[in-house]
Amino acid sequence: MAYGVGEHSLRQLLRELPDEAWKTREIFIRPIQDEEDLWYATVECRLKPGQEEFVNPAGFSIGRAYLHPHDHVPCVICKADGKRIGYLVLRTWMGGNVDAASWSYYLDEADQGQGFGKKAAMLAVHILKTAGVEHLRLSTEASNVKAQRLYMDIGFAKLDELDGDDLVFGQSIST
């Protein structure tokens, strides 16, 4: 099931957003726009050892975006000064029976532990809410306790469903 409001795909909804919807004073998120962004996301952005098991590599989600361009928007996360600090893909939720959007992301190991992860997650909620998305779903490995705490801290609840063997968290947004 593809997410949409009326005849619009998630990509179209996001494309129509004003620039202000994509940023805060500290960070901004932008769709990958050039080869430098692509190189950063797929090669330069590094995780701490052991974190790779918790996220899909950027190349995989960029490949999904190539195969399903209306439902996946690969992005970079940047500090306000423009320095890239992470990767994020906004996407249509692929599981279950609810029209929802989702994202997955990670920060470069050099920029972890400074609050940017929570700020990026909160900004992703804001972006999707501004685009008119009403339901959000996130999934994570059962062993990724840090992600679970973050999701609950920003208003998600653990749902009684699984995405494969991953736990699912949800949030409904009043627009």
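Residues numbered from 1 in each chain as written. Predicted model: local features only at pLDDT ≥ 70, side-chain atom pairs only at ≥ 80, totals over all residues. Heavy atoms only, no water.

Trainee: I tried to follow helix α3 (residues 58-67) on my own but got confused; where do I start?
Mentor: Side chains three or four residues apart in an α-helix point the same way, a direct result of the helix having 3.6 residues per turn. Regarding α3, the residues found buried are A58, S61, I62 and A65. Down the axis, α3 shows its buried residues gathered within 100° of arc, on one side only. Exposed and facing more than 90 degrees away from the buried side of α3 are Y66 and L67. Tucked inside the fold, the buried residues of α3 contact α2 (35-44), β4 (72-79), β5 (84-92) and β6 (101-107). (Buried < 20%, exposed > 50% of the residue type's maximum accessible area, 1.4 Å probe, protein only. Helix = DSSP H or I, 4+ residues; strand = E, 2+ residues; numbered from the N terminus. Arc of directions from axis to C-beta. Contact = heavy atoms within 4.5 Å.)

Trainee: Help me understand the pairing of β5 in this model?
Mentor: Every regular strand shows the same layout, with side chains that alternate between the two sheet faces. Burial of β5 is extensive: eight of the nine residues sit out of reach of the surface. Taken together, the seven bridges between β4 and β5 define a ladder with antiparallel strand orientation. Residue pairing across strands places C78 opposite R84, the latter belonging to β5. Counting the residues between successive antiparallel strands, the hairpin from β4 to β5 contains four residues, one of them, G82, with a positive phi of roughly 100°. (Pairing = 2+ DSSP bridges.)

Trainee: Help me understand the confidence of the model for the protein, please; the structure alone is not making it clear to me.
Mentor: Do not read the predicted coordinates in detail wherever pLDDT is low. With 93% of its residues at a pLDDT of 70 or more, the protein shows a mean pLDDT of 90. Mean pLDDT across the secondary structure elements of the protein bottoms out at strand β1 (residues 4-5), with 46, and peaks at strand β3 (residues 27-31), with 98. Here residues 1-6 is a poorly scored stretch, pLDDT under 50, and it has 23 contacts once near neighbours within four places are set aside; other chains count. (pLDDT = per-residue confidence, 0-100.)

Trainee: Looking at this model, I keep getting lost on the nonpolar core. Mind explaining?
Mentor: Taken as a class, soluble globular proteins show a tendency for nonpolar side chains to be buried jointly. Grouped together as the largest cluster of nonpolar side chains are 38 residues, with contacts concentrated most on L14, L90 and W103. The leading source of residues in this core is helix α4 (residues 116-130), at eight residues. Sequence-distant contacts of L90, that is, excluding residues within four places in its chain, are made with L10, L14, W22, D71, H72, V73, C75, S102, W103, A124, I127 and L128. A41, C45, L47 and V89 belong to the second largest nonpolar core, which has twelve residues in total. (Core = buried A, V, L, I, M, F, W, Y, C linked by side-chain atoms within 4.5 Å.)

Trainee: Even after reading the chapter, I still don't get the packing of aromatic side chains, so can you show me in this structure?
Mentor: How two aromatic rings sit relative to each other is given by the distance of their centres and the angle of their planes. In the structure shown here, the tally under the stated rule is four aromatic pairs. Aromatic side chains W103 and F156 sit 5.9 Å apart centroid to centroid with 80° between the ring planes, which places their arrangement in the edge-to-face category. Here W103 is found in strand β6, whereas its partner F156 is found in the loop between α5 (145-153) and β8 (157-163), with 53 residues between them in sequence. The burial state of W103 is the same as that of F156; both residues are buried. Between Y151 and F156, the aromatic rings sit 6.2 Å apart at their centres with planes inclined by 50°, giving tilted as the arrangement. Both residues of the pair, Y151 and F156, count as buried. Grouped by ring-pair contacts, the aromatic residues W103, Y151, F156 and F169 constitute a single cluster. (Phe/Tyr/Trp six-rings, centres within 6.5 Å; stacked < 30°, edge-to-face > 60°.)

Trainee: What exactly am I supposed to notice about the pattern of salt bridges here?
Mentor: Note that side chains of opposite charge can pair when their charged atoms are close. Applying the stated criterion to the full structure yields five salt bridges. Put simply, R30, E36, D37 and R84 are held in one network by salt bridges that share partners. (Salt bridge = Lys/Arg side-chain N within 4 Å of Asp/Glu carboxyl O.)

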